[in-house]
Amino acid sequence: MGSLEIHNFPDEAQEFSAQHVETDFKKRVVGEECCPKFLGRIQSTGNAMSRNPYYGKKISVHLAATLVVAGLVLAACESGEETGRAVQGDLPQGGHLIMAWDASHEPASLDGHIEPYQPAWLIDSFIADPLLILGPDGEFHPALASSWTSSANADRWTFHLRDDVTFQDGTPFNAQALEYNLRRILDPETRSAEMAARLGPVEKIEIVDDYTLTLHYSEPWVVLLDGFWRMPIWSPTAAEKWGPEEFDKHLVGAGPFTLEEWLPNSHVTLEKWDGYGGWNSISEEGGTARLSRVTINFIGEEAVLGSVVQTGDAHIAMNLPAAYIDDYVDTCLLYTSDAADDVSTV
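What counts and what doesn't
Residues numbered from 1 in each chain as written. Predicted model: local features only at pLDDT ≥ 70, side-chain atom pairs only at ≥ 80, totals over all residues. Heavy atoms only, no water. Phe/Tyr/Trp six-rings, centres within 6.5 Å; stacked < 30°, edge-to-face > 60°. Helix = DSSP H or I, 4+ residues; strand = E, 2+ residues; numbered from the N terminus. Buried < 20%, exposed > 50% of the residue type's maximum accessible area, 1.4 Å probe, protein only. Core = buried A, V, L, I, M, F, W, Y, C linked by side-chain atoms within 4.5 Å. Contact = heavy atoms within 4.5 Å. Pairing = 2+ DSSP bridges. Axes fitted to C-alpha atoms, helices over the stretch in contact; angles between N-to-C directions. Polar contact = N/O pair within 3.5 Å; in protein donor to acceptor, adjacent residues only side chain to side chain. Expected span 1.5 Å × (residues − 1). Salt bridge = Lys/Arg side-chain N within 4 Å of Asp/Glu carboxyl O.

**Student:** What exactly am I supposed to notice about the packing of aromatic side chains here?
**Tutor:** Geometrically, a pair of aromatic rings is defined through the distance of the ring centres and the angle of the planes. Tallied over the full model, the rule gives 9 aromatic pairs. Between Phe126 and Phe257 the ring centres are 5.9 Å apart and the planes differ by 70°, which places this aromatic pair in the edge-to-face class. With Phe126 in helix α4 (residues 118–127) and Phe257 in strand β11 (residues 257–263), this residue pair connects regions lying 131 residues apart in the sequence. Phe257 carries the same exposure label as Phe126, and that label is buried. When the ring of Trp157 is compared with that of Phe159, the centres are 6.5 Å apart and the planes differ by 20°; the resulting orientation is stacked. Overall, Phe159 belongs to the buried group, its relative accessible area being 1%. Three or more aromatic residues link up through ring pairs in this structure, and these residues are Trp157, Phe159 and Phe228.

Structure follows, in structure tokens:
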């Protein structure tokens, strides 16, 4: 019987970026090193959770570090004969992933243009693909932007965009849509201090053609790509319709899931978007997500958060209280609850 290895990491581990959290959570936790009896065949493609799972007997140190940094604690088990065996061939569609988050980590706004903290960016990554991805190899990879170049001193950046993308409301993604997002961030009325700072001292936004945009800077801006992987790209139509005060309850992006509901102090529900084209290059498979639904429940009671995975009412717990960690060591959890029954299990 397998066990979950719990590791302690120094304070500097907290300096991991949100992209490490997002990439490893989506590529590895519900991907290559995940126990199927814990999450079943929970999979999707694109910016939220893609890859075939491997039946690993241990959670790797790298993954455990990421989970600790993210506050995600995974309870896993499997039989010895499954160790190292990969799932091959066509895998089933469907499944409902339920996450439990410490209520203190619920964002004040789900709009990543406004909210300056990582939990909102993580939720946004289900809904909206960014221009580019920071991969697990530490390199930037294409997403909504197919390629990019900069001048020698990095005071001019040109982005070539995909020409086959639409937002979830049917609005086309193009240079005009990207320009709208950039101007929205730079507009003081949006109160986008964090993203505006990452975007930098933009002097001019130039639309070269329908799928090419150039940013001109008043000084060299070498950190631009580090800002763009964090930045959700929203539908101009929806953002304009709802305005900065209401849009975070009606987010529309070009990611693999749509925002079905955000009930503050309770939960966020995300639904699979059948129109997703697998535009995020980190995915090995194109097309739509395999999961049908993702729910994030915000839990204010420490005792509830500490036991929610054991009771089968959630598959993942974020910021598991320290007093409950020992409850998951050398423990095999086989789900029989309704929460797990919503997932395709092995």
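**Student:** Explain the environment of Arg183 to me, please; I cannot follow it from the model alone.
**Tutor:** Along the polypeptide, Arg183 turns up in helix α5 (residues 175–186). You can call Arg183 partly exposed: its relative accessible area is 45%. Sequence spacing of Arg183 and Ile205 is 22 residues, and the spatial spacing of their C-alpha atoms is 8.6 Å.

**Student:** Would you mind going over the nonpolar core with me for this structure?
**Tutor:** Most often, soluble globular proteins keep nonpolar side chains buried together rather than apart. If you look at the biggest cluster of nonpolar residues, it comprises 62 residues, and the most contacted ones within it are Leu131, Phe159, Phe173, Leu215 and Phe228. Ignoring anything within four residues of it in the chain, the contact list for Leu215 reads Asp155, Arg156, Trp157, Phe159, Leu182, Leu199, Val202, Lys204, Ile205, Leu224 and Phe228. Core analysis: the second largest hydrophobic core is formed by 10 residues, Leu305, Val308, Ala314 and Tyr328 among them.

**Student:** Honestly, the sheet that holds strand β9 (residues 202–209) in this entry has me stumped. Any pointers?
**Tutor:** If you trace the 4 strands from one edge of the open sheet to the other, you get β7-β8-β10-β9, paired in antiparallel fashion. Each edge of the open sheet carries a strand with a single partner, namely β7 (145–150) and β9. Adjacent strand axes in the sheet meet at a mean angle of 20° when their direction is disregarded. Here strand β8 (residues 156–161) pairs with strand β10 (residues 212–217) via 5 bridges, running antiparallel. Counted as the bridge partner of Thr158 is Thr214 from β10. Along the sheet, α5 contacts β8, β9 and β10; its crossing angle with β9, the most-contacted strand, is approximately 170°.

**Student:** In this structure, what is going on with the environment of Ala177? I would like to understand it.
**Tutor:** Summarising the element assignment, Ala177 is placed in helix α5. In this structure Ala177 comes out as buried when scored by relative accessible area, which is 3%. The sequence separation of Ala177 and Trp234 amounts to 57 residues, and the corresponding C-alpha distance is 8.1 Å.

**Student:** Just checking my understanding: could you explain the side chain of Asn181 for this structure?
**Tutor:** Tracing the backbone shows Asn181 in helix α5. At a separation of 2.7 Å, a polar atom in the side chain of Asn181 contacts the main-chain amide nitrogen of Trp234. Not counting residues up to four positions away in its chain, the partners in contact with Asn181 are His113, Pro232, Ile233 and Trp234.

**Student:** Mind showing me how you'd approach α5 here?
**Tutor:** Side chains that are three or four residues apart share a direction in an α-helix, a result of its 3.6 residues per turn. Under the 1.5 Å per step criterion, the end-to-end length of α5 is 16 Å for 12 residues, consistent within 8% with the ideal 16 Å. Against β8, α6 (193–199), β9, β10, α7 (224–228) and α8 (236–246) lie the buried residues of α5.

**Student:** What is the right way to read α4 from this model?
**Tutor:** Along α4, 9 of the 10 residues are buried, which leaves the element largely enclosed by surrounding structure. When we look at burial in α4, the residues that qualify are Pro119, Ala120, Trp121, Leu122, Ile123, Asp124, Ser125, Phe126 and Ile127.

**Student:** What is the right way to read the pairing of β8 from this model?
**Tutor:** Side-chain positions along a regular strand alternate between the two faces of the sheet. In the sheet, β7 pairs with β8 via 5 bridges, with the strands oriented antiparallel. By the bridge assignment for β8, Ser150 is matched with Trp157. Taken together, β7 and the strand that follows it, β8, pair antiparallel across an intervening segment of 5 residues, in which Ala154 is found at a positive phi of about 60°.

**Student:** What's the story with the pattern of salt bridges in this structure? I'm lost.
**Tutor:** Once their charged atoms are close, side chains differing in charge can pair, the charge on each being opposite to the other. With the rule as written, the count across this model stands at 10 salt bridges. We note a salt bridge from Arg162 to Asp164, for which the minimum N-O separation is 2.8 Å. For Asp164, a relative accessible area of 42% translates into the label partly exposed. Across the pair Glu194 and Arg198 runs a salt bridge, and its minimum N-O distance is 2.8 Å. With a gap of 4 residues between them, Glu194 and Arg198 both fall in helix α6, about one helical turn apart. A network of salt bridges, in which partner residues are shared, links Glu194, Arg198, Asp226 and Arg230.

**Student:** For this particular structure, what's the right way to read the side chain of Arg230?
**Tutor:** Within the secondary structure, Arg230 sits in the loop between α7 and α8. A polar contact is formed between the side chain of Arg230 and the backbone oxygen of Asp226, at a distance of 3.0 Å. Not counting residues up to four positions away in its chain, the partners in contact with Arg230 are Trp121, Met195 and Arg198.

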